[in-house]
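What follows is each chain in one-letter form.
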Amino acid sequence: MAKSKYEYVRTFELEDKCLQNCWIVVRLDGRSFHRFTSAHKFEKPNDKRALELMNRSAAAVMEEFRDVSLAYGQSDEYSFILRKNTDLYNRRQSKIMSAINSTFSASYVYYWNTYFEDKKLLYPPSFDARIVLYPSDQNLRDYLSWRQADTHINNLYNTAFWGLILTKGLSNNEAEKILCGTVSSEKNEILFKECDTNYNNELPMYRKGTVLVRKLVNIPPSKSKKHIICPLHVDIIGDSFWEEYDEILSLKD
Ligand code: DGT
Ligand code: MG
Ligand code: MG
Ligand code: MG
Ligand code: MG
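What this report covers is the structure whose coordinates are included nearby.

Criteria and thresholds
Starting from 1, residues in each chain are numbered consecutively following that chain's sequence as written. To read the labels, note that chains go from A and ligands from 1, taken in the order they are written. Side-chain atom pairs in this predicted model are given and counted only at pLDDT of 80 or more, local residue features only at pLDDT of at least 70, and totals for whole chains, interfaces and linings cover all residues. With hydrogens and water stripped out, all remaining heavy atoms of the structure feed into the side-chain values. For the purposes of this entry, the term helix denotes a DSSP run of H or I that reaches at least four residues, the term strand denotes a run of E that reaches at least two, and both are numbered from the N terminus. Here a helix's expected span is defined as the number of its residues, less one, multiplied by 1.5 Å. The buried label applies to any residue whose accessible area, calculated with a 1.4 Å probe on protein chains only, is under 20% of its type's maximum; exposed applies above 50%, and partly exposed to all values in between. Any two strands with at least two DSSP-identified bridges between them are counted as paired. Lines fitted to the C-alpha atoms define the axes, with helices restricted to the stretch that makes contact. Angles between their N-to-C directions range from 0 to 180 degrees. In this analysis, two residues are considered to be in contact whenever any of their non-hydrogen atoms come within 4.5 Å of each other. As a rule, N, O and S atoms within 2.8 Å of a metal are its donors, except that Na, K and Ca use 3.2 Å; water is not among the atoms, so sites may look incomplete. Donor angles set the geometry label: tetrahedral for four donors if every angle is between 85 and 135 degrees, square planar for four and octahedral for six if opposite donors exceed 155 degrees and the others are between 65 and 115, irregular for anything else. In this scheme, roughly parallel covers angles under 35 degrees and roughly antiparallel covers those over 145, while 65 to 115 is roughly perpendicular and the rest are oblique. Rotating anticlockwise by less than a right angle from the far helix to the near helix defines a left-handed crossing, while the corresponding clockwise rotation defines a right-handed one. Each residue gets one of three labels, nonpolar for Ala, Val, Leu, Ile, Met, Phe, Trp, Tyr, Cys and Pro, charged for Asp, Glu, Lys and Arg, and polar for the others, Gly among them.

### Re helix 3 (residues 93-110)
Logical step 1: For helix 3, built from 18 residues, the straight-helix expectation of 26 Å at 1.5 Å per residue is met to within 8% by its first-to-last C-alpha distance of 26 Å.
Logical step 2: Among the residues of helix 3, Ile-96, Ala-99, Ile-100, Asn-101, Thr-103, Phe-104, Ser-105, Ser-107 and Tyr-108 are the ones counted as buried.

Structure (structure tokens):
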């Protein structure tokens, strides 16, 4: 068939293939979730239902995209790790990023009522997305360590901040003043002495975030095996997680 005279517009499209042999990380982050979480009156500092909704939406991404081998989430963000040899969309960056973002965002709305039975969704939430390529396994592990360290720093601060306000009745300014310039051990101590809270007893999901991995499990009567997506709330900075799930960094399926 003859080409139309309009065909040439295709040549304006730019090549955006992700470099071979690199880990592809897609990170999504809720747009203006400061506003979204207050409009929907999320519990402070952590709303369990909201985090579970994020986890469910991320699992939906993993159900749809088999090459996502691991995902890590905290607060209003989720990172998806694609196998370094993935061929998804011929490694086209804009395709991968937009498909993952829309699957996640649509799932967040689709599953809203499952987690917030009594709360109406007041307006459509949206997420921004970026892709980062990491050439070495160490870079990838450092990326995930960076996100999990961020979870720890923010959650310890927020738990102490809201502890002082909600249990001690301090104002936002007073709480901020007390915490200003404190190191982790001091925040732990303030929580323990002032708020009767042992930080180590806070939910692991709040302290560690959520790692989604694929696990091969037995299906009892049939003796067959099946991959399921499992949420874990464990340390991913040290070596033990990577030793237990050594298939994530290896290139085999
Ligand atoms: P952005 O990402 O630049 O569009 O702006 P924000 O407002 O989304 O800022 P970000 O992503 O740095 O911070 C996340 C916001 O979401 C922050 O205001 C705290 C809030 N948030 C996240 N998870 C929870 C939760 O479980 N409960 C409550 N109350 N707030 C949460
Ligand atoms: Mg942001
Ligand atoms: Mg955000
Ligand atoms: Mg965020
Ligand atoms: Mg199409």
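### Some thoughts on the sheet that holds strand 4 (residues 127-134)
Logical step 1: Across the sheet, which stays open at both edges, the six strands sit in the order 4-1-3-2-5-6 with antiparallel pairing between neighbours. One side of each edge strand has no neighbouring strand; the edge strands of this open sheet are strand 4 and strand 6 (224-232). Here the average twist between neighbouring strands, direction ignored, is 25°.
Logical step 2: Pairing analysis gives six bridges linking strand 2 (residues 68-74) to strand 3 (residues 77-82), with the strands arranged antiparallel. Within strand 3, the position partnered with Ala-71 by the bridge is Phe-80.
Logical step 3: Across the face of the sheet, helix 3 comes into contact with strand 1 (23-30), strand 2, strand 3 and strand 4 while running at roughly 140° to strand 4.
Logical step 4: Of the strands in this sheet, strand 1, strand 2, strand 3 and strand 4 are in contact with helix 5 (residues 137-166), which crosses strand 2 at around 25°.

### Side note on the coordination of the magnesium ion (ligand 3)
Logical step 1: Only Asp-29 (OD), Gly-30 (O) and Asp-76 (OD) from the protein coordinate the magnesium ion (ligand 3), and they sit 2.0 to 2.2 Å from it.
Logical step 2: Note that the magnesium ion (ligand 3) binds six donor atoms; their angles at the metal cover 80 to 179°, and the shape is octahedral.
Logical step 3: Between the magnesium ion (ligand 3) and the magnesium ion (ligand 2) the interatomic distance amounts to 4.1 Å. Residue Gly-30 is located in strand 1, and its partner Asp-76 is located in the loop between strand 2 and strand 3; the two are separated by 46 residues in the primary sequence.
Logical step 4: A residue is classified by how much of its surface remains accessible, and Gly-30, at 5% relative accessible area, is buried.
Logical step 5: What makes Asp-76 buried here is its relative accessible area of 14%.

### Digging into the packing of helix 5 against helix 7 (residues 184-195)
Logical step 1: For the pair helix 5 and helix 7, interaxial distance at closest approach is 10 Å and the crossing angle is 30°. What the angle tells us is that helix 5 and helix 7 run roughly parallel. Like other packed secondary-structure pairs, helix 5 and helix 7 cross with a definite hand, here left-handed. Counting all contacts with helix 5, which are made through His-152, Leu-156, Tyr-157, Thr-159, Ala-160, Gly-163 and Leu-164, the residues of helix 7 involved are Ser-184, Lys-187, Asn-188, Ile-190, Leu-191, Glu-194 and Cys-195.
Logical step 2: Across the contact of helix 5 with helix 7, the residue classes tally to seven nonpolar, five polar and two charged.

Any functional reading would require information beyond the geometric quantities listed.
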